[in-house]
Amino acid sequence: MNFKEKSKPIIGVTLLCIIFFIGGIYIGYKDRPAVDTVVGVSNKSNSEISADFDPFWKTWELLNEKSIKAKETTNQEKVWGSIKGLTKSFGDTYTEFYDPEETKQFDEAISGEFSGVGLEIGIKNEILTVIAPIKGSPASKTGIKSGDAILKIDGTSTANLTVDQAIKKIRGEKGTTVTLSTFHKGDEETKDYKIVRDVIVVPSLDTKTEDDYFIISMATFTGNNINSEIEKAMNDFKNSGKKKLIIDVRGNPGGYLDSAIYMASYLLPAGQVVVTEDFGNKQDTVVHKSQGIPLIDTKKIRTAVLVDAGSASASEILAGALHDNNQAILVGEKSFGKGSVQEIVPVTKDTILKVTVAKWLTPKGISIQDNGITPENIVELPKDWKQGDKDPVMQKAKDLLNK
């Protein structure tokens, strides 16, 4: 879940596309209903868009005439639905329009607190998939694992659902229950998990020392105070006097690009590449480099990064940056492979567009999207592993750092 700063040139282009779409609708049918409450309506001719909007307005009228739901759906809701259809036509899982209610939910999730079961989910191989359960959440206590396919929500198939439609079904008021039917690769049958919703507070990171090791466990790269938490963690590492650092981003679904770069800047010299943003043929690539924060003598420490199938986006950026720059060894399982860049663009005062504008490349030019990050030291947790059991991934990292 990586989101860019709202750059004005891209916002301009994106808003223009939306204005053209609404504008085409506005003049596309003689007996159109009033949609003048939509922000940004502009009079643009069909010829400028090179699209025939007559079928759209004919469908609008037929639905109003024949659908038993016609009186339950406002014109504004129809416009929101139309824009959702437009975004879906691009064939990109991560490009989505959020109506006012979904925008509110998105803001709550980014701020770090919401009501639900505590699952980060995505689409993988066209299947709704668990990226990671949030640490300490109701979902994390059930046995649901990273990589589980979510086949049904309360008995209803998830086929053709977008991520945000699924989230809307899974979230709900504290104390209510949702049933998720899942399948884990290698199992013989599906499993049903009945989960009681609760207020989910998304943790950022915590630290601890074990013998000669300083361990930073990062649950996410989001949160209003994530950079200050990173700063404190790295200062605590310096003050501990330890020379062996373990950064655990297993189950970390990502977050802010700037925070991944900030974390890497404590461990990479100034000017070293952290990640490259590839915009295809839209614009030149953008190379994000380390700030080189002079806190720790990185030549005197050894670092390991732990990853798994729940490590995505910003986690993969950090792991790839440290590994490709020979600053860390990687231990664990292949990461999720969420390597595209979404920009959040306001459309109206209470709606947003999340649009994929680029993909991430590691310093060696490897695309993270779909490929993920594969550790040179593959260690998998046993299928029946649970919190509190001996952690073979952590132990392997310690053994490697001792060599």
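The written sequence of each chain sets the order in which its residues are numbered from 1. Only residues with pLDDT of at least 70 are given local features in this predicted model, and only at 80 or more are side-chain atom pairs given and counted; all residues enter the totals for whole chains, interfaces and linings. Here the side-chain values reflect all heavy atoms present in the structure, with hydrogen atoms and water set aside.

## Describing the environment of Ser 311
Secondary structure elements follow DSSP: runs of H or I of four or more residues count as helices, runs of E of two or more count as strands, with numbering from the N terminus. Considering the arrangement of structural elements, one finds Ser 311 in the loop between strand 16 (302-307) and helix 9 (314-324). Using a relative accessible area of 0% as the deciding quantity, one classes Ser 311 as buried. When the C-alpha positions of Ser 311 and Lys 338 are compared, they lie 8.8 Å apart, and in sequence the two are 27 residues distant. Not counting residues up to four positions away in its chain, the partners in contact with Ser 311 are Val 249, Arg 250, Gly 251, Asn 252, Leu 306, Glu 316, Ser 335 and Phe 336. A polar side-chain atom of Ser 311 sits 2.7 Å from the main-chain carbonyl oxygen of Val 249. Between buried and exposed lies partly exposed: a residue is buried under 20% and exposed over 50% of the maximum accessible area for its type, with that area taken using a 1.4 Å probe on protein chains only. The contact criterion used is simple: two residues touch if any of their non-hydrogen atoms lie within 4.5 Å. Any N or O atom pair separated by 3.5 Å or less is treated as a polar contact, with the protein-specific requirement of one donor-capable and one acceptor-capable atom, and with residues adjacent in sequence counted only for side-chain atom pairs.

## A short note on the confidence of the model for the protein
A low pLDDT means the predicted coordinates there should not be read in detail. What pLDDT conveys is the predictor's confidence in a given residue, as a value from 0 to 100. Chain-level statistics for the protein give a pLDDT mean of 84 and a share of 86% at 70 or above. Confidence over residues 1-47 falls short of pLDDT 50; this stretch has 109 contacts with residues more than four positions distant or in other chains.

## Things to note about the pairing of strand 8 (residues 177-183)
Pairing between strands is defined by DSSP: at least two bridges between them are needed. As judged from the four bridges shared by strand 6 (residues 149-153) and strand 8, these two strands associate in the antiparallel manner. By the bridge assignment for strand 8, Ile 150 is matched with Thr 182. One ladder, built from six bridges, connects strand 8 with strand 9 (residues 191-196); its direction is antiparallel. The residue bridging Thr 182 from the neighbouring strand is Lys 191, located in strand 9.

## Quick notes on the packing of aromatic side chains
The geometry of two aromatic rings is summed up by the distance between their centres and the angle between their planes. In this scheme Phe, Tyr and Trp rings, the latter by its six-membered ring, pair at centre separations within 6.5 Å, and the angle between planes marks the pair as stacked below 30 degrees, edge-to-face above 60, and tilted otherwise. In the structure shown here, the tally under the stated rule is six aromatic pairs. Each ring, one from Tyr 262 and one from Tyr 266, has its centre 5.3 Å from the other, and the planes form 80°; the classification is edge-to-face. By way of ring pairs, the aromatic residues Phe 56, Trp 57 and Trp 60 are connected into one cluster. Over the ring of Phe 336 we find Lys 124, and its NZ or CZ is 4.7 Å from the ring centre. Lysine and arginine charges are scored as sitting over a ring when NZ or CZ, respectively, is within 6 Å of the ring centre and within 35 degrees of the ring normal.

## Comments concerning the side chain of Asp 99
Its place among the elements puts Asp 99 in the loop between strand 2 (96-98) and helix 5 (100-111). There is a polar contact of 2.9 Å between the side chain of Asp 99 and the backbone nitrogen of Glu 102. Sequence-distant contacts of Asp 99, defined by excluding residues within four places in its chain, comprise Trp 80, Lys 84, Asp 350 and Thr 351.

## Here's the deal with the packing of helix 7 (residues 226-240) against helix 8 (residues 257-265)
Where helix 7 contacts helix 8, the axes come no closer than 10 Å and their chain directions differ by 15°. The angle between helix 7 and helix 8 falls in the class roughly parallel. Along this stretch, helix 7 crosses helix 8, giving a crossing that reads as right-handed. Facing Ile 226, Asn 227, Ile 230, Glu 231 and Met 234 of helix 7, the residues of helix 8 in contact are Ser 259, Tyr 262 and Met 263. The axes used here are C-alpha line fits, helices contributing only the stretch in contact, and every angle between their N-to-C directions lies in the interval 0 to 180 degrees. In these notes the angle categories are as follows: under 35 degrees is roughly parallel, over 145 is roughly antiparallel, 65 to 115 is roughly perpendicular, and the rest is oblique. Left-handed describes a crossing whose near helix is turned anticlockwise from the far helix through less than a right angle; right-handed describes the clockwise counterpart.

## Some remarks on the environment of Leu 128
By the element assignment, Leu 128 lies in strand 5 (residues 127-133). Counting along the chain gives 33 residues from Leu 128 to Leu 161, while the straight-line C-alpha distance between them is 7.8 Å. The contacts of Leu 128, once residues within four sequence positions are left out, are Ile 121, Gly 122, Ile 123, Asp 148, Ala 149, Ile 150, Ile 153, Thr 158, Val 163 and Ala 166.

## Examining helix 10 (residues 392-402)
Within the span of helix 10, buried status applies to Val 393, Met 394, Ala 397, Lys 398, Leu 400 and Leu 401. Take helix 10 and look down its axis: the buried residues cluster within an arc of 165°, on one side only. Each element contacted by the buried residues of helix 10 is listed here: strand 11 (205-210), strand 12 (213-218), strand 13 (244-248), strand 16, strand 17 (329-332) and strand 20 (377-378). Backbone nitrogen of Val 393 and a side-chain oxygen of the N-cap are separated by 3.1 Å at the start of helix 10; the cap is Asp 391. Taken from the helix axis, the directions to the C-beta atoms give the arc we talk about.

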